[in-house]
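As a plain string of letters, each chain reads:
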Amino acid sequence: MLLPSRLISGIRHIGHRVIEGVWRLGIASRFFILVLLKSGTSLRRFNLVIRELYFTGVLSLIIIVVSGLFVGMVLGLQGYETLQKYGSESAVGTLVALSLVRELGPVVAALLFASRAGSAITAEIGLMKATEQLAAMGMMAVDPIARVVAPRFWSGVISMPFLAAIFSVMGVFGGYLVTVVFIGVDEGSYWSQMQSAVDFRFDIMNGFIKSCCFGVVVTAIAVFEGYDAPPTAEGVSGATTRTVVTSSLVILGLDFILTAFMFRGVS
Amino acid sequence: MTSENLIEISGLNFSYDTRAILKGIDMTMQRGKVIAIMGGSGSGKTTLLRLIGGTIQPTSGYVKFAGKVVHELDRDALFKLRRKMGMLFQFGALFTDLSVFDNVAFQMREHTNLPESMIRDLVLMKLHAVGLRGAQHLMPNELSGGMARRVALARSIALDPMLIMYDEPFTGLDPISLSVIGNLIRRLTDALGMTSIVVTHDVQESLKIVDYVYFIADGVIAAEGTPKEVRESVAPFVHQFVHGEEDGPVPFHYPAQSYRKDLNLENALA
């Protein structure tokens, strides 16, 4: 049976895209392993990582603190509105804390981190490549992966869990502000219900593990996209966009998988 | 000055996929000389520098640097060899997150265990050599194009290399900066006993400072000689290039079908 040529070219196009995607994933994986293998310099000269920690971690603090506060305030307000219908508004502290520690803290902090620090890392490495700084470094017998990429990667991996934790703390405080200070929920029940409902191992540790995974994934994508960017203005801008889009999708997909493993059957 | 060869290139071929860039290049470069490699845009000049630096592998043939075949070295040996080479990129390629001082100190800090006080003295000496000791605290974005090129030059001589490669060092400079860079290349080569390879298409400026010129066209050496020979050459390609003539062996028109045919005038006069 003869298939119409348009259908064949469509199938061929899909095939090309899939092969290209698999190919790129392979290159990215190899790059990731190279970064890990060449991390010795970063760990020996930790001041290189500390310098990057300032740019990726400390400078992301403002957006994390402000967003965390508002997310917590919204959660408190919405939670109170719903819970008071059933007369259980004292459980609002539990609702706010569990939502933040298990899900919103790691996920929203990672999304913000991808758009604030991830895009900056991609743009910086991409521009260093476009202006031949990476080539110049190679010609000076200094490996750019060890000297430029690895410190940025580790700074992202280290700062992500801290940022997620700060996000959750600010959210809990935001919820407290709205429900206890403005609405007048009992302060004792807000904190004590939270304390008895939030489990360190199940909730806080799992949230921490999530944020570590997101840190690795977001920074790995950011450094790869920067290093792989075509050395032109369009190339770098395209890579920056891809960092934000890919990391956001991967964060949400990975969050579902991790949640399925961590919280299945936990009541 | 010794006349021993620092670089020997023999039968060098290089292709991107199936497109041949260099086709059987043979060159020798003596120690202590300034050698220019000239040719139109896209003629493979920069590719030749990258082959000497070992950042790409030849399809066949070899580049021998100080007696060693560059593409046969493993990564560690290649990195060791590169410490003896400096390269000045087209627009300087200064590290934009480091100050002028730290840019020049970069290689010393990466490759040596010298105390910071000695690094400081060395950096100031290198910056003094290019006349920018006073600019040590500036950031690269505060420098003019010519100054950035001079800082990059100071950075590339940081570890006293045997060879410096200049990739289009004169591009986009005003006439004063242009002759400053040209004279620096000559003076530093003589003072430090280095060898310099200048890839350029700035004929007049480079003929003033170089000892020998190679012309590359379509991946082969089209002509070679001393600046005097080149100026007086009657070979059509060299004459066109040196005097910047619009038409000659390198045609003005990109290959196309006949003009009359393109304008549909084939039958107009019939």
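Report on the accompanying structure. (Residues numbered from 1 in each chain as written. Chains lettered and ligands numbered in written order. Predicted model: local features only at pLDDT ≥ 70, side-chain atom pairs only at ≥ 80, totals over all residues. Heavy atoms only, no water.)

## Concerning the packing of aromatic side chains
Residues and elements named next belong to chain A. Counted by the stated rule, this structure contains 12 aromatic pairs over all chains. When the centroid spacing of 5.4 Å and the interplanar angle of 75 degrees are considered together, the rings of Tyr54 and Phe55 count as edge-to-face. Arranged with centres 5.2 Å apart and planes meeting at 75 degrees, the rings of Phe153 and Trp154 form a pair that is edge-to-face. Taking relative accessible area as the criterion, Phe153 reaches 1% and is therefore assigned buried. (Phe/Tyr/Trp six-rings, centres within 6.5 Å; stacked < 30°, edge-to-face > 60°. Buried < 20%, exposed > 50% of the residue type's maximum accessible area, 1.4 Å probe, protein only.)

## Re the interface of chain A and chain B
In many reports, interface size means the accessible area that the parts give up when they come together. Listed as interface residues are 17 residues of chain A and, on the opposing side, 21 residues of chain B. Taking both partners together, chain A and chain B bury about 1,700 Å²; carbon and sulfur atoms supply 60% of that area. The interface formed by chain A and chain B includes 4 salt bridges. Arg51 of chain A serves as the salt-bridge partner of Asp97 of chain B, at 3.7 Å between the closest nitrogen and oxygen. Our enumeration of links across chain A and chain B arrives at 7 residue pairs in polar contact (both at pLDDT 80 or more). Counting residues per element, the ones that place at least two in the side of chain A that touches chain B are helix H6 (133–139) and helix H7 (144–183) of chain A. The element best represented in the side of chain A that touches chain B is H6 of chain A, accounting for 6 residues. (Contact = heavy atoms within 4.5 Å. Buried area = accessible area lost by both parts, 1.4 Å probe. Salt bridge = Lys/Arg side-chain N within 4 Å of Asp/Glu carboxyl O. Polar contact = N/O pair within 3.5 Å; in protein donor to acceptor, adjacent residues only side chain to side chain. Helix = DSSP H or I, 4+ residues; strand = E, 2+ residues; numbered from the N terminus.)

## Notes on the pattern of salt bridges
By the definition in use, this model includes 25 salt bridges over all chains. Of the charged contacts, one joins Asp203 of chain A and Arg102 of chain A as a salt bridge, the two residues approaching to 2.7 Å between their closest N and O atoms. Highlighted residues: Asp203 of chain A in helix H9 (residues 200–228) and Arg102 of chain A in helix H5 (residues 92–130), separated in sequence by 101 residues. A salt bridge links Lys228 of chain B to Glu232 of chain B, with the nearest nitrogen and oxygen atoms 3.6 Å apart. Of this pair, Lys228 of chain B and Glu232 of chain B both sit in helix H8 (residues 227–232), 4 residues apart, roughly one helical turn.

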